[in-house]
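One-letter residues, chain by chain:
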Amino acid sequence: MTLALQIEGRDDSPAVVLLHAIATSSKLWAPQVAPLGTDFRVVRVDLPGHGASPLLPGSADYESYADAVVSALADIGIDRFVLVGLSFGAMVAMQIAVRNPDTVAGLVLACCAAYTPPPVAAMWRDRVDGVKKGGLAGQAGGTLGRWFTPSFAEASPQTVEWVRGLILGTPDEGFVAAATMISTLDHRELLPRITARTLVVAGEHDQAAQPAGLAAITDAIPNASLITLNAAHLANVEAPVAFGEAIAAFAKGL
């Protein structure tokens, strides 16, 4: 079994691999594909249980998700790349960077956490229970409210509806597996072991992954720097140009 990949941009250029947030898919990266594709080979991954990728057999964990991503990339001849993860995708990316240091030429961790404290873990378990009982439709409104600032949501209703469609298109079991993983997240001991040069991206108005937490992640990684964008949780959608330009400048500077 392999994961679904979308490959665009320049085949003769360094690869930039993009890992999406929970309850979305590789389509979330649409705003970045064309700009990044002018100088890079852009590879968007559907994480297990999301988009066109099936769930992995057995219990879901970060190690198996990380290995599945690396294996899918190896199948198409990509063995070194700049890795970009957003939210849940960044949690998987941390594991990839530690397990495969020679493959990760540079790492971008955006709008993410490295640890889920007990009160937040309880909220994630409640969301899992809610999806098991009523599907993702009942979670979409609250999720969108956390993912975007009110001003962006009011000014950009079509974009918000596009993201709503990504949420509703996610298989319930894919969300449940990923949300369960988030509820048990503790990557704090991984951070000092990341050897790749790292760019950490925070959303100034992100309540799901607050800027102070991103600053702590930056401090814990030996060779990391931090930028803050005028956005909430889905910074690549709310601040698409600034996000894409930051990734491109980082990747070119490696």
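Heads up: the structure comes first, above all this text.
Scope of this entry: the structure provided in the associated data block. (Residues numbered from 1 in each chain as written. Predicted model: local features only at pLDDT ≥ 70, side-chain atom pairs only at ≥ 80, totals over all residues. Heavy atoms only, no water.)

1. Points about the overall build of the protein chain
Move 1: The secondary structure content of the protein chain amounts to 11 helices and seven strands.
Move 2: Here the C-alpha radius of gyration of the protein chain, 17 Å, is about what a compact globule of 254 residues would show, namely 18 Å.
Move 3: Reported as C-alpha extents along the three principal axes, the dimensions of the protein chain are approximately 45 × 40 × 35 Å.
Move 4: Within the protein chain, the fraction of its 254 residues that count as buried is 54%.
Move 5: Relative to all contacts within the protein chain whose residues are 6 or more apart in sequence, the contacts with residues 24 or more apart total 78%.
Move 6: Accessible surface, the protein chain: about 10,300 Å² in total, of which carbon and sulfur atoms supply 53%.
Move 7: Once the 16 positive and 24 negative side-chain charges of the protein chain are each reduced to a mean point, those two points are 2 Å apart. (Helix = DSSP H or I, 4+ residues; strand = E, 2+ residues; numbered from the N terminus. Rg over C-alpha atoms; globule rule 2.2 N^0.38 Å. Buried < 20%, exposed > 50% of the residue type's maximum accessible area, 1.4 Å probe, protein only. Contact = heavy atoms within 4.5 Å. Areas by Shrake-Rupley, 256 points an atom, 1.4 Å probe, with all protein chains shown as cover. Lys, Arg positive; Asp, Glu negative; His and termini not counted. Charge placed at Lys NZ, Arg CZ, Asp CG, Glu CD.)

2. What to know about the environment of Ala 177
Move 1: Residue position: Ala 177 is located in helix H8 (residues 172–183).
Move 2: Residue classification places Ala 177 among the buried positions, given a relative accessible area of 12%.
Move 3: Taking C-alpha positions, Ala 177 is 19 Å from Ala 208, a pair spaced 31 residues apart along the chain.
Move 4: When neighbours within four sequence positions are excluded, Ala 177 is seen to be in contact with Leu 55, Ala 60 and Tyr 65.

3. Brief notes about the state of the cysteines
Move 1: For the structure on display, the rule yields zero disulfides.
Move 2: Its sulfur unpaired, Cys 111 is 7.6 Å from the next cysteine sulfur, which belongs to Cys 112.
Move 3: Residue Cys 111 is classed as buried on the basis of its relative accessible area, which comes to 0%.
Move 4: Taking the relative accessible area as the measure of exposure, Cys 112 reaches 3% and is therefore buried. (Disulfide = S-S within 2.5 Å.)

4. Some points on the nonpolar core
Move 1: One finds Leu 19, Ile 22, Phe 88 and Ile 217 to be the most contacted residues of the largest nonpolar core, which totals 94 residues.
Move 2: A total of nine residues in this core trace back to one element, the largest contributor, which is helix H3 (residues 88–99).
Move 3: Ignoring anything within four residues of it in the chain, the contact list for Ile 22 reads His 50, Phe 88, Trp 124, Trp 147, Phe 175, Ala 178, Ala 179 and Ile 182. (Core = buried A, V, L, I, M, F, W, Y, C linked by side-chain atoms within 4.5 Å.)

5. Focus on the layout of surface pockets
Move 1: Considering only enclosed or pocket space, the largest pocket measures out at about 660 Å³ in volume.
Move 2: For the largest pocket, the lining is made up of 34 residues, of which Ala 113, Val 120, Trp 124, Ala 208 and Ala 209 are closest to its centre.
Move 3: Counting only elements with at least two residues in the lining of the largest pocket, the list comes to helix H4 (118–134), helix H5 (137–147), H8 and helix H9 (211–220).
Move 4: Take the lining of the largest pocket: its biggest share by element is five residues, from H9.
Move 5: Taken together, the residues of the lining of the largest pocket break down into 23 nonpolar, eight polar and three charged. (1 Å grid on protein atoms, 1.4 Å probe; cavity = no way out; pocket = protein on both sides within 12 Å on 5 of 7 lines; lining within 4 Å. Points joined across faces, edges and corners; volume = space filled by probe spheres on them. Nonpolar A, V, L, I, M, F, W, Y, C, P; charged D, E, K, R; others polar.)

6. Examining the side chain of His 20
Move 1: Mapped onto the secondary structure, His 20 falls in the loop between strand S2 (15–19) and helix H1 (30–37).
Move 2: Within the structure, the side chain of His 20 is placed 3.0 Å from the backbone nitrogen of Leu 47, a separation counted as a polar contact.
Move 3: Excluding anything up to four places from it in sequence, His 20 contacts Ser 25, Ser 26, Leu 28, Trp 29, Val 45, Asp 46, Leu 47, His 50, Leu 86, Phe 88 and Gly 89. (Polar contact = N/O pair within 3.5 Å; in protein donor to acceptor, adjacent residues only side chain to side chain.)

7. What about the pairing of S2?
Move 1: Burial runs high along S2: five of the five residues are buried.
Move 2: By the alternation rule, side chains of S2 split into Ala 15, Val 17 and Leu 19 and Val 16 and Leu 18, which are all buried.
Move 3: Note that the unit made of S2, H1 and strand S3 (residues 41–45) has a crossover that is right-handed. (Right-handed = clockwise from strand over helix to strand, strands pointing away.)

8. A look at the packing of aromatic side chains
Move 1: Taken as a whole and judged by the stated rule, the model has five aromatic pairs.
Move 2: Plain terms: the ring middles of Tyr 62 and Phe 88 are 6.0 Å apart, the flat faces sit at 45° to each other, and that makes the pair tilted. In this pair, Tyr 62 sits in helix H2 (residues 62–75) while Phe 88 sits in helix H3, placing the two residues 26 residues apart along the sequence.
Move 3: Judged by its relative accessible area of 7%, Tyr 62 falls in the buried class.
Move 4: Taking the relative accessible area as the measure of exposure, Phe 88 reaches 0% and is therefore buried.
Move 5: With centroids separated by 5.2 Å and ring planes inclined at 25°, the aromatic side chains of Phe 148 and Phe 152 adopt a geometry described as stacked.
Move 6: Exposure remark for Phe 152: the relative accessible area of 13% places this residue in the buried category.
Move 7: Here the aromatic cluster, defined as three or more aromatic residues joined through ring pairs, consists of Tyr 62, Tyr 65 and Phe 88.
Move 8: Directly above the ring of Trp 124 sits Arg 127, whose terminal nitrogen or CZ lies 4.5 Å from the centroid. (Phe/Tyr/Trp six-rings, centres within 6.5 Å; stacked < 30°, edge-to-face > 60°. Lys NZ or Arg CZ within 6 Å of the ring centre and 35° of its normal.)

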